[in-house]
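Remarks on the overall topology
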Amino acid sequence: MENSKRARRGKPRKQPRGNTYVEPKVVSQGLERVRGAARRDSGMRFTNLLHHITVELLEEAYYALNRKAAPGVDGVTWSEYGKGLEAQLRDLHGRVHRGAYRAQPSKRTYISKGDGRMRPLGIAVLEDKIVQQTVVWVLQAIYEEVFLGFSYGFRPERSQHNALDAIWVAIMQRKVNWVLDADIRGFFDSISHEWMEKFVGLRIGDERILRLIHKWLTAGVSEDGEWSRTVVGTSQGATVSPLLSNIFLHYVLDLCVAAENAEIQQVKVLPRQLPDSGV
């Protein structure tokens, strides 16, 4: 009831920060300028982004990680990496900027789904998590000015609860003839690498950032000590995967829905809640 009242007033409840999205404590002036440029020019292609990944941002990403998370294939835990942290991060920063950084395969594990099936998850090594988080922060300065308003999943100050608020307003205050509840089966596991990289390349022209994303997509998985290639999909559990999935769906779904809504005025766009589902 309280949620409905807030929705009617146009003030969906503020959600506590979960572990699916982490905001940087301080956004640098450089990234604010990037955000402003993305807002002013919807066609701008950003060709110089890597310098925003600093030792300080890597350190903030390290402290933003789940300290009790299981280690990746190298067995390094959060606390172990923190021993001599400054030297570790300076070395990591140097490798990233020289192009010497190498992504490690994700460790495959499984969790049960509500329908009895098993969902594969990938556990990245700690350094990959750190670098991925910094890249997410850099790219979000651009894509938060790109994504459409009915996209809610894994975005700052948004959640599935906010999406439900918007659905309540749409159904209760507008004429709605039908509702489509859709789910993309195995979405994370079936994303085309070729198209993913093409979509990112529409706005990102910094080849160093594009190479990082390519490394994460193709790093492979390790299951029971056996390595296997990944030719499609982005690892569920990887820090960068929610953002990449939102970018992919922005181009293959959201823009199409928005265009259809503009042509057929009777259609009311309702929220896409998570990267692999929509209402």
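Description of the structure in this document.

Conventions we followed
Residues numbered from 1 in each chain as written. Predicted model: local features only at pLDDT ≥ 70, side-chain atom pairs only at ≥ 80, totals over all residues. Heavy atoms only, no water. Patch = residues over 30% accessible without salt bridge, like charges linked within 9 Å, V, L, I, M, F, W, Y side chains within 5 Å. Areas by Shrake-Rupley, 256 points an atom, 1.4 Å probe, with all protein chains shown as cover. Salt bridge = Lys/Arg side-chain N within 4 Å of Asp/Glu carboxyl O. Helix = DSSP H or I, 4+ residues; strand = E, 2+ residues; numbered from the N terminus. Pairing = 2+ DSSP bridges. Buried < 20%, exposed > 50% of the residue type's maximum accessible area, 1.4 Å probe, protein only. Contact = heavy atoms within 4.5 Å. Phe/Tyr/Trp six-rings, centres within 6.5 Å; stacked < 30°, edge-to-face > 60°. Lys NZ or Arg CZ within 6 Å of the ring centre and 35° of its normal. Core = buried A, V, L, I, M, F, W, Y, C linked by side-chain atoms within 4.5 Å.

1. Details of a nonpolar patch on the surface
A cluster of nonpolar side chains, namely I171, M172 and V179, defines an oily patch on the protein surface of about 280 Å² accessible area. One can find V179 in the loop between α7 (160–173) and β3 (182–183).

2. Here we look at the pairing of strand β1 (residues 106–112)
Where β1 and strand β4 (residues 221–223) come together, two bridges link them in parallel fashion. Bridging from a neighbouring strand, K107 pairs with S222 of β4. With six bridges joining them, β1 and strand β2 (residues 118–123) adopt antiparallel strand pairing. Directly across from I111, in β2, lies its bridge partner R119. Once β1 ends, the chain turns through five residues before running back antiparallel as β2, passing G116 with a positive phi of about 95°.

3. What to know about helix α3 (residues 55–64)
Residues of α3 that are buried include every one of V55, L57, L58, E60, A61 and Y62, and no others. Tucked into the core, α3 has its buried residues touching α4 (78–81), α5 (85–98) and α6 (126–143).

4. Notes on the packing of aromatic side chains
Summed over all chains, the structure comprises ten aromatic pairs. On the basis of an interplanar angle of 70° and a centroid distance of 6.0 Å, the ring pair of Y63 and W78 is categorised as edge-to-face. Of the two residues, Y63 sits in helix α3 while W78 sits in helix α4, which places them 15 residues apart along the sequence. Note on Y63: relative accessible area 42%, which makes it partly exposed. Classification of W78 as buried rests on a relative accessible area of 13%. Between F199 and F248, the aromatic rings sit 5.4 Å apart at their centres with planes inclined by 75°, giving edge-to-face as the arrangement. Of the two residues, F199 sits in helix α9 (residues 193–201) while F248 sits in helix α11 (residues 241–263), which places them 49 residues apart along the sequence. Each member of the pair, F199 as well as F248, is classed as buried. Looking at R158, its charged tip hangs above the ring of Y152, at a distance of 4.8 Å from the centre.

5. Considerations on the nonpolar core
Residues I130, I209 and I247 are the most contacted members of the largest nonpolar core, which totals 57 residues. Top element by residues in this core is α6. It accounts for eleven residues. In contact with I130, not counting residues within four places along its chain, are L58, A61, Y62, L65, Y81, L89 and L92.

6. A short note on unusual backbone geometry
One non-glycine residue with positive phi stands out, namely F154, at about 55°. As for its position among the elements, F154 is in the loop between α6 and α7. Positive phi is not limited to glycine here, since D224 has a value of about 55°. Assignment of secondary structure puts D224 in the loop between β4 and β5 (226–228).

7. Describing the pattern of salt bridges
Considering all chains together, one arrives at eight salt bridges under this definition. Across the salt bridge formed by R35 and E145, the nearest N and O atoms sit 3.4 Å from each other. In this pair, R35 is assigned in helix α2 (residues 29–40) and E145 in the loop between α6 and α7, connecting sequence segments 110 residues apart. With a relative accessible area of 24%, R35 lands in the partly exposed category. On the basis of relative accessible area, E145 is assigned to the partly exposed category, the value being 27%. One salt bridge connects R95 with E127, and the closest N-O pair in it is separated by 2.8 Å. Separated by 32 residues along the polypeptide, R95 in helix α5 and E127 in helix α6 bring together distant segments of the chain. In this pair, the class of R95 matches that of E127, namely buried. Via salt bridges that share partners, R35, R39 and E145 belong to a single interconnected network.

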